[in-house]
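Summary of structural features
Here's the letter readout for the chains.
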Amino acid sequence: MTAEENLAVKIQSAGSAGVKKADLRKEYGDIESSLESLLTKGEIFVEKRSTAYYCYHKDFYLQSLLNSDPKFRLTYDMIKSLEETVSRSSKDVTLAVELLANNISNLARLVTETAATSPEPRKSISLDAFREAFDGALVNSASSIGWVELAKVRNEVCSKCQLTAEEFYSLAGKITADNQDKYELSTGGQEGVMVRGLVHGFVRCI
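Small disclaimer: the values here were computed from a predicted structure and weren't measured. By convention here, each chain's residues receive numbers from 1 onward along its written sequence. A pLDDT threshold of at least 70 governs which residues receive local features in this predicted model, and a stricter bar of 80 or more applies before side-chain atom pairs are shown or counted, although totals over entire chains, interfaces and linings include all residues. Here the side-chain values reflect all heavy atoms present in the structure, with hydrogen atoms and water set aside.

1. Digging into helix 7 (residues 127–141)
Put simply, the rule reads: Each helix corresponds to a stretch of at least 4 residues labelled H or I by DSSP, and each strand to a stretch of at least 2 residues labelled E; elements are numbered beginning at the N terminus. One fewer than the residue count of a helix, multiplied by 1.5 Å, yields its expected span. For every residue, the accessible area obtained with a 1.4 Å probe (protein chains only) is divided by the maximum for its type, and the residue is called buried under 20%, exposed over 50%, and partly exposed between those limits. We call two residues in contact when some of their heavy atoms are within 4.5 Å.
Compared with the 21 Å implied by 1.5 Å per residue over 15 residues, the 21 Å span of helix 7 between its first and last C-alpha is a close match. Of all the positions in helix 7, only Phe130, Ala133, Phe134, Asp135, Ala137 and Leu138 are classed as buried. The elements touched by buried residues of helix 7 are strand 4 (148–149), helix 8 (150–161), helix 9 (165–178), strand 5 (183–186) and strand 8 (202–205).

2. So, the pairing of strand 2 (residues 44–49)
Threshold: Note on pairing: DSSP must find at least two bridges between two strands before they are called paired.
Summarising the sheet, strand 2 and strand 3 (residues 52–57) pair through six bridges and their orientation is antiparallel. Across the sheet, residue Lys48 finds its bridge partner in strand 3, namely Tyr53. Where strand 2 folds back on strand 3, the antiparallel hairpin that results is connected by two residues, among which Ser50 adopts a positive phi of roughly 60°.

3. Side note on the packing of helix 4 (residues 58–68) against helix 5 (residues 70–88)
What counts, and what does not: Lines fitted to the C-alpha atoms define the axes, with helices restricted to the stretch that makes contact. Angles between their N-to-C directions range from 0 to 180 degrees. Each angle is binned into one of four classes, with values under 35 degrees roughly parallel, values over 145 roughly antiparallel, values of 65 to 115 roughly perpendicular, and all other values oblique. The classification used treats Ala, Val, Leu, Ile, Met, Phe, Trp, Tyr, Cys and Pro as nonpolar, Asp, Glu, Lys and Arg as charged, and all other residues, Gly among them, as polar.
With their axes 5 Å apart at the nearest point, helix 4 and helix 5 run at an angle of 115° to one another. By the criterion of interaxial angle, the relationship of helix 4 to helix 5 is roughly perpendicular. Touching Leu62, Gln63, Leu65, Leu66, Asn67 and Ser68 of helix 4 are Pro70, Phe72, Arg73 and Tyr76, all from helix 5. Looking at side-chain class alone, the contact of helix 4 with helix 5 contains six nonpolar, three polar and one charged residues.

4. Considering the environment of Leu138
Its location among the elements puts Leu138 in helix 7. Classification of Leu138 by relative accessible area gives buried; the value is 4%. For Leu138, the contacting residues outside a window of four places in its chain are Val148, Val153, Tyr183, Val203 and Cys205.

5. Topic: the environment of Ala17
Note on placement: Ala17 falls in the loop between helix 1 (3–13) and strand 1 (19–20). With 44 residues separating them along the chain, Ala17 and Tyr61 place their C-alpha atoms 8.9 Å apart. Apart from residues no more than four positions distant in its own chain, Ala17 is found in contact with Tyr54 and Tyr56.

Here it is as structure tokens:
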């Protein structure tokens with residue numbers, strides 16, 4: 001199978017629980033192009049839940065929403081109930097239309113309430129601003145030999161810039177790759193930047 005097919009099978013095997021994008025990246029390395037292709041084809045869905053991005057296969061995404069979103073389940077149950085009502089009583093068109101109108105009204109109200117309570121999207125941080133915060137954290141945490149655990153840097157930068165761990169490591173990976181004359185990474189640690197399939201959990205300024 002191709003890398004894309006392997007990825008699709010892995011996501012499908014996770015069922016309605018989904019699989020963390022970060023875990024997929026740890027297992028398969030660079031998956032962005034394959035994920036983008038699967039998303040374009042409608043084979044998978046990616047959704048942010050809590051602080052992580054989860055991937056769901058199309059066969060299980062509906063069940064995942066039913067399990068995790070009470071409002072979606074209520075709306076779904078209402079529509080299914082309407083379908084059953086219309087099927088049982090196709091002659092009573094007037095009643096079916098009234099039920100449909102009520103369900104559409106309730107659905108509109110739920111969507112409006114959800115939109116009203118949804119937080120505003122967080123503004124993204126520029127690469128320059130991230131690098132400034134990253135360098136500051138390195139200076140604050142540097143040991144006598146210069147090496148710093150990326151987890152410590154992440155704690156400080158994420159707290160200061162309101163970033164998730166996934167956003168931090170994505171940006172950290174970019175600036176260390178683009179500036180290899182300034183930053184040096186080392187393998188080890190429980191978390192870090194993925195380079196050629198290995199976790200690099202330590203960094204220092206050269």
